[in-house]
Amino acid sequence: MALYNKAADILDKVEQKRGAVKTLVYDSKFQNIKQLFALVCETQKYSSVIQEIIDNTKLLKGTKLRINLAKVLVYDLLFGQGLKCGGSWKAMIMKHRSRLQASLARMKVKQKVSCNEDLLPANVRKPEGILLPRYVRVNTLKTNMEDVIDYMKREGFSYQGHANGIQDLNGLRGKAFISDSDLPNLLVFSAKKTFHDHYLYINGHIILQDKASCLPAFLLNPPAGSHVIDACAAPGNKTSHLAALMTNKGKLFAFDLDAKRLSTMSTLLLRAGLTCHQLANQDFLKVDPHNAEYKEVKHILLDPSCSGSGMVCLRDGSSELAEEQEQAQEASRLQSLSAFQLRCLNHALQFPQVQRVVYSTCSIHTEENEQVVAAGLQQNPNFRLVHLLPDWPERGLSPNTECLRASPTKTLTHGFFVAMFERQAIGSQAVNQQILPSPAVVSPDGDALEAEDIQEDPSSPEEEQQNSSAKKRKRNRNRSRKKQRKTE
């Protein structure tokens, strides 16, 4: 019920011009931001259709619901994946389900369409090709790829083998599925497949996780027995991925400031079979890097709060004025977010034994991505960027091309950004200089001089004069010895 109440409140505020959808959703601090964001956006998209259905069925008169609460409930009943609440609200809406469904059917007949989306105004319909595949990560803490593939085949799915590239992911239809070309233990299904009620999902054998979201843990790749920090851990998919890579061996410290999100995450991790994790309801910025508990931490995954601008959510047909207002609000918010993200990155790089830090966001904005990375490098010169996945089709913006970007059009994923920082060995530049051969320097009279003959030390004018005389005498002695050897 909290989901529908919060979604209705946000729709109320949007209508009252009290903020943009994105800003209001992220400022709500709701436990599942992605779920709330999708419900608000999709309800807005179908708003005119839902309004007509509500009017035709006189739903408000029969239920006494306020309009936006009725809209989000009707959306999930008729267009979503079913109502996610119980109690009196569900009972109330279910009493009217037949009339609501009949009204929707009459609208389709009247407009001569068979698909719900065809009822939408043209300016809010989904463009062709924007649908993303359904990605399913196999949880190797409980099972393996072969067993999951066999299970799916027994359910009538058709396994197409290993993908050769992204183009193979775009043509999946019906019950066809394929293993991903870039990430191990990742299966790809057609966009219309859902697994929320599937036995393997309910029992933690598979994780529903977008491909781009799998990149941070995969690239960090901590070995078994490692001590690892997941700095901003909730909702926990990346945490479970890290534990799988570690084969549940070692220590995985997971921090999150939101107690409710952490509680939900705890349930998810228990279902996924994690045993190596240690959850802490704590602000990562207040964790002491020099605490003895973290003295062996060599890997950190940092996925801080961000704008979420990479999440695929369709336009809602807002007016140009509303879009301009949203852009102005977003600019202010991005400034605040990027400052927070840089503080988190600098803090992660302060852990004395850390060797690799992966920084990621589900944002498309340069302010949260390349600009944060550039500032992090400037303020932490003992770290460098690792060039990630050379064959990945979308790179970070120049000059940070070592980083990865992801997008619906180029990688068939949500919008995403990943960078990896690696500590450089102390004095590595000096060592490199020492192993280079010293070039031979030729004196004016053609004799080769040793390097020690041309070294210079900062000194006073008097010392310089003395040193110059000493060097001249030494050169004369060397020439005398050479002449003597020639005469002998």
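None of these values were measured; they are calculated from a predicted model.

A. Structural detail: the overall build of the protein chain. Regarding its fold elements, the protein chain presents 19 helices and 15 strands. Within the protein chain, buried positions represent 46% of all 488 residues. Pairs at least 24 apart in sequence give 68% of the contacts found in the protein chain among residues at least 6 apart. Approximately 25400 Å² of the protein chain is accessible, and the part contributed by carbon and sulfur atoms is 49%.

B. Fine view of a positive patch on the surface. Side chains of Lys58, Lys61, Lys64 and Arg99 sit close together on the surface and give a patch of like positive charge. Within the fold, Lys61 resides in helix H5 (residues 59-63). A relative accessible area of 69% places Lys61 in the exposed class.

C. Layout of the environment of Glu422. With respect to the helices and strands, the residue Glu422 is situated in strand S13 (residues 416-423). Owing to a relative accessible area of 17%, Glu422 belongs among the buried residues under this scheme. When the C-alpha atoms of Glu422 and Val354 are compared, they prove to be 8.5 Å apart, with 68 residues separating the residues in sequence. At a separation of 2.8 Å, a polar atom in the side chain of Glu422 contacts the side chain of Arg356.

D. Spatial organisation of the confidence of the model for the protein chain. Across the protein chain, the average pLDDT comes to 83, with 80% of residues at or above 70. For the stretch residues 314-324, pLDDT sits under 50, and the model shows 10 contacts to residues farther than four places along the chain or on other chains. A low-confidence stretch, residues 429-468 stays under pLDDT 50, and its non-local contacts, those more than four residues away or across chains, total 20 contacts.

Cut-offs used in this document
- Residues numbered from 1 in each chain as written.
- Predicted model: local features only at pLDDT ≥ 70, side-chain atom pairs only at ≥ 80, totals over all residues.
- Heavy atoms only, no water.
- Helix = DSSP H or I, 4+ residues; strand = E, 2+ residues; numbered from the N terminus.
- Buried < 20%, exposed > 50% of the residue type's maximum accessible area, 1.4 Å probe, protein only.
- Contact = heavy atoms within 4.5 Å.
- Areas by Shrake-Rupley, 256 points an atom, 1.4 Å probe, with all protein chains shown as cover.
- Patch = residues over 30% accessible without salt bridge, like charges linked within 9 Å, V, L, I, M, F, W, Y side chains within 5 Å.
- Salt bridge = Lys/Arg side-chain N within 4 Å of Asp/Glu carboxyl O.
- Lys, Arg positive; Asp, Glu negative; His and termini not counted.
- Charge placed at Lys NZ, Arg CZ, Asp CG, Glu CD.
- Polar contact = N/O pair within 3.5 Å; in protein donor to acceptor, adjacent residues only side chain to side chain.
- pLDDT = per-residue confidence, 0-100.

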